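Topology and contacts: notes
Here is what each chain is made of, one letter per residue.
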Number of protein chains: 4
Amino acid sequence: MIKVGVVGYGTIGKRIVDASIDTGFKIAIAVRRYTPKLDVAIEKNYPLYSMTGEIGLDVSGDFDDFVRDCDVIVDCTSKNIPVENFPRYKNVKVIVEGGEKHSLTNFSFSSLGNYEEGVNKDKARVVSCNTTSLVRTLTPLKDRIDNVFVTLIRRSVDPWDIKGGPVNAIAPVLKVPSHHGPDLNTILPDINIQTMAVKVPTTLAHLHVVRVKLKEEMKREDLKDMFENTPRIKILSGYKSTADVMEHFRDLGRKRCDMYEVVVFEESINVESGKAYWIHVVHQESIVIPENIDCIKAMFGEKDKWKAIYETDRTLGMEKKKECYK
Amino acid sequence: MIKVGVVGYGTIGKRIVDASIDTGFKIAIAVRRYTPKLDVAIEKNYPLYSMTGEIGLDVSGDFDDFVRDCDVIVDCTSKNIPVENFPRYKNVKVIVEGGEKHSLTNFSFSSLGNYEEGVNKDKARVVSCNTTSLVRTLTPLKDRIDNVFVTLIRRSVDPWDIKGGPVNAIAPVLKVPSHHGPDLNTILPDINIQTMAVKVPTTLAHLHVVRVKLKEEMKREDLKDMFENTPRIKILSGYKSTADVMEHFRDLGRKRCDMYEVVVFEESINVESGKAYWIHVVHQESIVIPENIDCIKAMFGEKDKWKAIYETDRTLGMEKKKECYK
Amino acid sequence: MIKVGVVGYGTIGKRIVDASIDTGFKIAIAVRRYTPKLDVAIEKNYPLYSMTGEIGLDVSGDFDDFVRDCDVIVDCTSKNIPVENFPRYKNVKVIVEGGEKHSLTNFSFSSLGNYEEGVNKDKARVVSCNTTSLVRTLTPLKDRIDNVFVTLIRRSVDPWDIKGGPVNAIAPVLKVPSHHGPDLNTILPDINIQTMAVKVPTTLAHLHVVRVKLKEEMKREDLKDMFENTPRIKILSGYKSTADVMEHFRDLGRKRCDMYEVVVFEESINVESGKAYWIHVVHQESIVIPENIDCIKAMFGEKDKWKAIYETDRTLGMEKKKECYK
Amino acid sequence: MIKVGVVGYGTIGKRIVDASIDTGFKIAIAVRRYTPKLDVAIEKNYPLYSMTGEIGLDVSGDFDDFVRDCDVIVDCTSKNIPVENFPRYKNVKVIVEGGEKHSLTNFSFSSLGNYEEGVNKDKARVVSCNTTSLVRTLTPLKDRIDNVFVTLIRRSVDPWDIKGGPVNAIAPVLKVPSHHGPDLNTILPDINIQTMAVKVPTTLAHLHVVRVKLKEEMKREDLKDMFENTPRIKILSGYKSTADVMEHFRDLGRKRCDMYEVVVFEESINVESGKAYWIHVVHQESIVIPENIDCIKAMFGEKDKWKAIYETDRTLGMEKKKECYK
């Protein structure tokens, strides 16, 4: 039974813990100090390890114990902290998240794009929420793409965060094009993509405005069918914003109201004069969770990409018809 | 088996449906038209009735059928619509929500305050989210109160709503004092209370700043103990805002991240010079759900107040130690 | 001396009144009723006319008097109201704003794009804030454009408005491409443009992410020079968001902090592989004011486009070097 | 001619520069580095001094030169920086702002409350925006007050600030009562006041909900008259929020749309059962500017309180009838 060690119990960490348990992995959690975010983990008696000595909690060991006890570590600490932790990860497989540089692991992973390359790897970076959403929607189209232009409208902070802004402004990324395009190329190197990004005062989700120049004409219905037959893409009709989309997942009873799928507004799908357009919604808190679980499966030798993905989707309550997994 | 007919499948309606099913009631839903909000209800095959003829859905009947088929109707439509529906509610018990006037039913209900009066009633109004929170926190103190002054800082709209504002302003209720004080007196007529209210640009929860002039001095610890031993009040320590409070309930795995309890910030509880102070958080979407379930129980003859409340709390996953229920 | 009759004293109306006075026009104002928005106009003794009989104000006449007394009417009422008012505008020139359809006047005006066509016209529509900004930035480039793709990130409501939302969501325009592209073609019919739009929770300004496919390569510096030498475009360096951009105009002492210019973030200007990119900011409350003043000048026979524009810019305190006006 | 040295050219600093010039003082500005905020000051050739050596600007000297060249220094740097600067202020009068502790200067100033005590002082702290508003509204009532309870609903960040939050939450000050009450007592020591505060996601203005227990009954009309006859209080009728209140000041043509007055919503003024209630709005960016100018006048020997205040009000365009100044 694989033991997954999660470092940092924040937005991503706590979700990987829950998904790992649901998958049948054992788990351990390493933290730097007590904060109220740990209350539920403590109540559930999850095994905790201290990265910083005595922290006033009943722990199973220190950071070296943690590394020794785990089979794979998923480092979910804030941007640039994993690079500091890295030298301590000896004799253990390691996953870092999309905030880190590709060069830290020299391998970036995203299930639909390059699952096969992850098999038996020792180090991997699971790409960011924004890149994950683009891997999912662009992979089925990839042979038809001349070039892609995406405007990313990013939420400012996560719902629990009261420190960051903006409160009443639009803040663009002024490096044009932005870094999001090149990041996609770590997974799908052949796609010609440019991206621009802005940050806006909302907490719920990112939204992408996508324009694809096609190599040759195609039909709107074919594009819609492609999305419908691709795992981890959900088309919703009649929805108007990130707010009612997220509410739908509350109603579905998803834990923490998570939306692992990238959601495409049906009405936004269009093909016109050789260009395809659509708008999709990215739940920054949870979209990468299935890819993290898949990555662990691959790193521990599961060679069957579609079996891995299908089972992860079933575990998380998001599976499509079996024919979609091929 | 009681059959609960819910009119309107919005914020309150959908939650009453779910809680009713969990309680063991049968349910039926009456709606005016299809909207995407119904998607999950349709998927789950809940019995739907049309209030307006043909609505493109597979329905179990019209509004008269609905009234005939149900034992009690909970009308969760928007403010002032229930009064229009009222003449059609013949030979059936009826509950309306706190947006309606007390005079519509001539009886207002809130479990901790006046459960007993609800027993075998035919019509009841379950008071609003704001009033419910005040009934809960003031009831244990009620014999010690000289007067109460509350400032209500209200969320502007629910999370799914993109139509209402304000986006970047504070909008006070200029009728001073506001109507919230008198509304409490429909449940606790002897409390001398004044309230003032403002609306602010957030969707998560209301927050109340409470100041109670006491008849005689008491200790902070006693106030804290009172809250700790009262059902449906939860004290959280180390939390800083409505955002991390709501995140705690996401982590608890509550459906839709609901927070049925009124949450008091531990650090805000204070008693000084004969005045008690605290700050509590009110989840406008879900706080009245347990009171609605209790109200149904009372209306159908359950005389044991604490049994009714305790069982509702267990059903909703929020029960305290049994000693608190007396 | 031209007498300008402004219908509606809201966001646009009050600014046209002020700019008209500064230009040396006489003014009159027609309103439907008293609201506090009129307080300053009343205090300044501006001539008011009632569109609806007795309104509790000291007025100079009714709507027919108003039409008779004015040389040109600028109808600044809400979308779709001008079409109702139109039959009453007899023997008077009329301007409507960009919310109205092109077909109402069969002529759309925007100074840099088609001033000449406005000369001696009797009816005109001054295009919307979004279109105005695109006319300004695309006109100098127009012979080099293969195609244009713009993502419009729109403010949700004006700063004074507390009714509209969203408060915490991103709401896309789901008709893809949006109507903004075709609207530009009423002024610049030869530009191949597609647009997509979203609404976000901020009040300050719209922001456009622009990508232009060029017919042939050009240099970043040349693009920057073009913007620098075009009236009504301002390049700002070191600014990060719509918030510090608008603050700059507060510091400049502009009345109401208005920003008549379209502002381009210098750092966002880029040319790469035959595509030009930039991000610009649009002050929805004031950007069309200079174009409205120019339009009046044209309608009353001023044939010298650059003289008209230059003088408007001087009146509004935004003139560039004289060489830019040609 | 008094030379006012302003340290820090942010929200308060830039306004004190402008008001000082309008008053007839000479000015100088000391800054730590270039930021785009200085663009307008540079354009206007204001004398700049560097606090940190070479900063790429044409400066009139270093920090010691600055101190030597000025008659009074107004230190408008961020909280806790003035205490570090203090040892360098030799042979010069000094004013700090309300973010600093009373103990730094051992004298706190607010014009309506204690102008006289400021005469010929060498060091003073001008109290914060929130305290200033309460000094103004409570001073005329002060002999009638039994006790005061205020809930402060604070804007989260200033309009130009994109870093701070919350974006979608209410964040209370959990120290109950908050520090705002004791701060008022540095000016009006005899008022029994308690305050509680929350931060909300808006940038425009703070809003206070005030409840005063009176020693004896009074009439609503008398309270309204008191406010009407007190300088620097403005009553507005028909307004609904901080948004339309601020818009009124945009329409008045105030530089930067500043609102030096505390604005009371007329409809909120009430007296009932021995308690007075009202709601007022505080423009955090500008309300303390007149008090700073008065403070300079007092420190340089102007003994006539009402003359000083009246003239400041005229300079800033906010004077009331002369009878109010006594």
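Residues numbered from 1 in each chain as written. Chains lettered and ligands numbered in written order. Predicted model: local features only at pLDDT ≥ 70, side-chain atom pairs only at ≥ 80, totals over all residues.

1. Here we look at the overall build of chain A
Across its full length, chain A holds 12 helices and 15 strands. For chain A, whose C-alpha radius of gyration is 20 Å, the value lies close to the compact-globule estimate of 20 Å for 326 residues. Overall, chain A is about 65 × 45 × 40 Å in size when its C-alpha atoms are taken along their principal axes. Of all 326 residues assigned to chain A, the portion counted as buried reaches 57%. In chain A, once contacts between residues fewer than 6 apart in sequence are set aside, the share between residues at least 24 apart is 64%. (Helix = DSSP H or I, 4+ residues; strand = E, 2+ residues; numbered from the N terminus. Rg over C-alpha atoms; globule rule 2.2 N^0.38 Å. Buried ≥ 20, exposed ≤ 12 C-beta atoms within 10 Å, placed from the backbone. Contact = placed C-beta atoms within 7 Å.)

2. A word on the sheet that holds strand 1 (residues 3-7) of chain B
Residue and element names in this part refer to chain B. With parallel pairing, the 7 strands of this open sheet are ordered in space as 3-2-1-4-5-7-6. In this open sheet, the two strands that pair with only one neighbour each are strand 3 (48-50) and strand 6 (108-109). In terms of strand pairing, strand 1 meets strand 2 (residues 26-31) through 5 bridges, oriented parallel. In the sheet register, valine 6 faces strand 2, and the bridge partner there is isoleucine 29. Its contacts with the sheet place helix 10 (residues 289-299) against strand 1, strand 4 (72-75), strand 5 (93-96), strand 6 and strand 7 (123-126), and it is angled at close to 165 degrees to strand 7. (Pairing = 2+ DSSP bridges. Axes fitted to C-alpha atoms, helices over the stretch in contact; angles between N-to-C directions.)

3. Structural notes on the relation of the copies chain D and chain A
By a simple turn and slide, chain D fits onto chain A: the slide is 0.0 Å along the axis, the RMSD is 0.0 Å, and the turn is 180 degrees. Interpreted geometrically, this transformation is the action of a two-fold axis. Both copies contact each other with a shared surface, as 100% of the interface residues of chain D are interface residues in chain A too. (Least-squares fit on C-alpha atoms with pLDDT ≥ 70 in both.)

4. Some points on the domain arrangement of chain A
Residue and element names in this part refer to chain A. Each assigned domain of chain A is listed here: domain 1 (3-127 + 288-324) and domain 2 (129-282). Between the C-alpha centres of domain 1 and domain 2 the distance comes to 24 Å. Across the contact, 22 residues belong to domain 1 and 20 residues belong to domain 2. Listing elements by their share of the side of domain 1 that touches domain 2, those giving two or more residues are helix 1 (11-23), helix 6 (111-114), helix 11 (289-299) and helix 12 (305-315). (Domains from an automatic or database assignment.)

5. Here we look at the interface of chain A and chain C
With 32 residues of chain A in contact, the opposing surface of chain C contributes 32 residues. Its residues placed into classes, the side of chain A that touches chain C shows 21 nonpolar, 8 polar and 3 charged. (Nonpolar A, V, L, I, M, F, W, Y, C, P; charged D, E, K, R; others polar.)

6. Here's the deal with the pairing of strand 7 of chain B
All names here are of chain B. When strand 5 meets strand 7, the two strands line up parallel, connected through 3 bridges. Looking at the pairing, isoleucine 95 lines up with alanine 124 of strand 7. Of the strand pairs in this sheet, strand 6 and strand 7 are connected by 2 bridges, and their pairing is parallel. Each bridged residue has a counterpart across the sheet, and for serine 108 the counterpart in strand 7 is arginine 125.

7. Quick notes on the relation of the copies chain A and chain C
Superposition of chain A onto chain C requires a rotation of 180 degrees combined with a translation of 0.0 Å along the rotation axis, giving an RMSD of 0.0 Å. An overlap of 100% is found between the interface residues of chain A and their copies at the interface of chain C, pointing to a shared contact surface.

8. Examining the environment of Val67(D)
All names here are of chain D. Inspection of the secondary structure assignment puts valine 67 in helix 3 (residues 63-69). On the basis of neighbour counts, which here come to 22 C-beta atoms within 10 Å, the residue valine 67 falls in the buried class. Note: C-alpha distance between valine 67 and arginine 88 (21 residues apart in sequence) is 7.8 Å. The residues touching valine 67, leaving out its near neighbours within four places in the chain, are Ile73, Arg88, Tyr89, Lys90 and Val92.

9. Structural notes on the interface of chain D and chain A
Counting from both sides, the interface comprises 15 residues of chain D and, opposite them, 15 residues of chain A. Residue composition of the side of chain D that touches chain A, grouped by class: 8 nonpolar, 5 polar and 2 charged.

10. Examining the sheet that holds strand 5 (residues 93-96) of chain A
Residues and elements named next belong to chain A. Pairing is parallel in the open sheet, where 7 strands are placed in the order 3-2-1-4-5-7-6. At either end of the open sheet lies a strand with only one pairing partner, and these are strand 3 (48-50) and strand 6 (108-109). Taken strand by strand, helix 11 contacts strand 1 (3-7), strand 4 (72-75), strand 5, strand 6 and strand 7 (123-126), and its axis lies near 165 degrees from that of strand 7.

11. What to know about unusual backbone geometry
Residue Val176(B) is joined to Pro177(B) through a cis peptide bond whose omega torsion reads -10 degrees. Here Pro177(B) is to be found in the loop between strand 9 (171-172) and helix 7 (180-185). The phi angle at Cys257(A) is positive, at roughly 60 degrees, despite the residue not being glycine. We note that Asn120(D) has phi near 65 degrees; this positive angle belongs to a residue other than glycine. Mapping Asn120(D) onto the fold places it in the loop between helix 6 (111-114) and strand 7 (123-126). Assessed through the 12 C-beta atoms surrounding it within 10 Å, Asn120(D) is described here as exposed.

12. Some details on the nonpolar core
Residues Ile29(A), Ile29(B), Ile29(C) and Ile29(D) are the most contacted members of the largest nonpolar core, which totals 400 residues. Look past the residues within four positions of Ile29(A) in its chain and what remains in contact with it is Val6(A), Tyr9(A), Val17(A), Ala41(A), Tyr46(A), Pro47(A), Leu48(A) and Tyr49(A). (Core = buried A, V, L, I, M, F, W, Y, C linked by C-beta atoms within 7 Å.)

13. Concerning the pairing of strand 13 (residues 262-265) of chain C
Looking along a regular strand, one sees the side chains alternate between the two faces of the sheet. All names here are of chain C. Burial along strand 13 is two-sided: the face carrying Val262 and Val264 and the face carrying Val263 and Phe265 are both buried. Of the strand pairs in this sheet, strand 12 (residues 233-236) and strand 13 are connected by 4 bridges, and their pairing is parallel. If you follow isoleucine 235 over to strand 13, its bridge partner there is valine 264. As judged from the 2 bridges shared by strand 13 and strand 15 (residues 275-282), these two strands associate in the antiparallel manner. Its bridge partner being in strand 15, valine 264 is matched across the sheet by histidine 280.

14. Some thoughts on the packing of helix 1 of chain A against helix 11 of chain A
All names here are of chain A. Direction vectors running N to C along helix 1 and helix 11 enclose 55 degrees, while the axes themselves pass 10 Å from each other. Relative to helix 11, the element helix 1 is oriented oblique. Crossing of helix 1 against helix 11: the hand is right-handed. Across the interface between the two elements, Arg15, Ile16, Ala19 and Thr23 from helix 1 touch Ile289, Asn292 and Ile293 from helix 11. Grouping the amino acids of the contact of helix 1 with helix 11 by side-chain chemistry returns 4 nonpolar, 2 polar and 1 charged. (Parallel < 35°, antiparallel > 145°, perpendicular 65-115°, else oblique. Left-handed = near helix turned anticlockwise from the far one by under 90°.)

15. Here we look at helix 10 (residues 242-251) of chain C
Burial analysis of helix 10 of chain C places 10 of its 10 residues in the buried class, the great majority of the element. Looking only at helix 10 of chain C, the buried set comprises Thr242(C), Ala243(C), Asp244(C), Val245(C), Met246(C), Glu247(C), His248(C), Phe249(C), Arg250(C) and Asp251(C). Buried-residue contacts for helix 10 of chain C involve strand 11 (206-214), strand 12, strand 13 and strand 15 of chain C together with helix 1 (11-23) and helix 2 (39-43) of chain D. Following helix 10 of chain C by one or two positions, Gly253(C) has its phi on the positive side, about 80 degrees.

16. Focus: the environment of Ile2(C)
Residue and element names in this part refer to chain C. In this structure, isoleucine 2 sits in the segment before strand 1 (3-7). Overall, the presence of 17 C-beta atoms within 10 Å leaves isoleucine 2 in the partly exposed class. Remark: the alpha-carbon pair of isoleucine 2 and glycine 24, spanning 22 residues in sequence, is separated by 8.3 Å. If sequence neighbours within four positions are ignored, isoleucine 2 has contacts with Phe25, Asp71, Val72, Ile296 and Phe300.

17. Let's talk about the environment of Ile42(C)
In this structure, Ile42(C) sits in helix 2 (residues 39-43). Between the alpha carbons of Ile42(C) and Leu57(C) there is a distance of 8.8 Å; along the sequence they are 15 residues apart.

18. Let's talk about the packing of helix 11 (residues 289-299) of chain C against helix 12 (residues 305-315) of chain C
Residues and elements named next belong to chain C. Orientation of helix 11 relative to helix 12, taken along the N-to-C sense of each, is 135 degrees, at an axis distance of 10 Å. In terms of their interaxial angle, helix 11 and helix 12 are classed as oblique. Between helix 11 and helix 12 the crossing geometry is right-handed. Every residue of helix 12 that contacts helix 11 at Pro290, Ile293, Asp294, Lys297 and Ala298 is listed here: Ala308, Ile309, Thr312 and Asp313.

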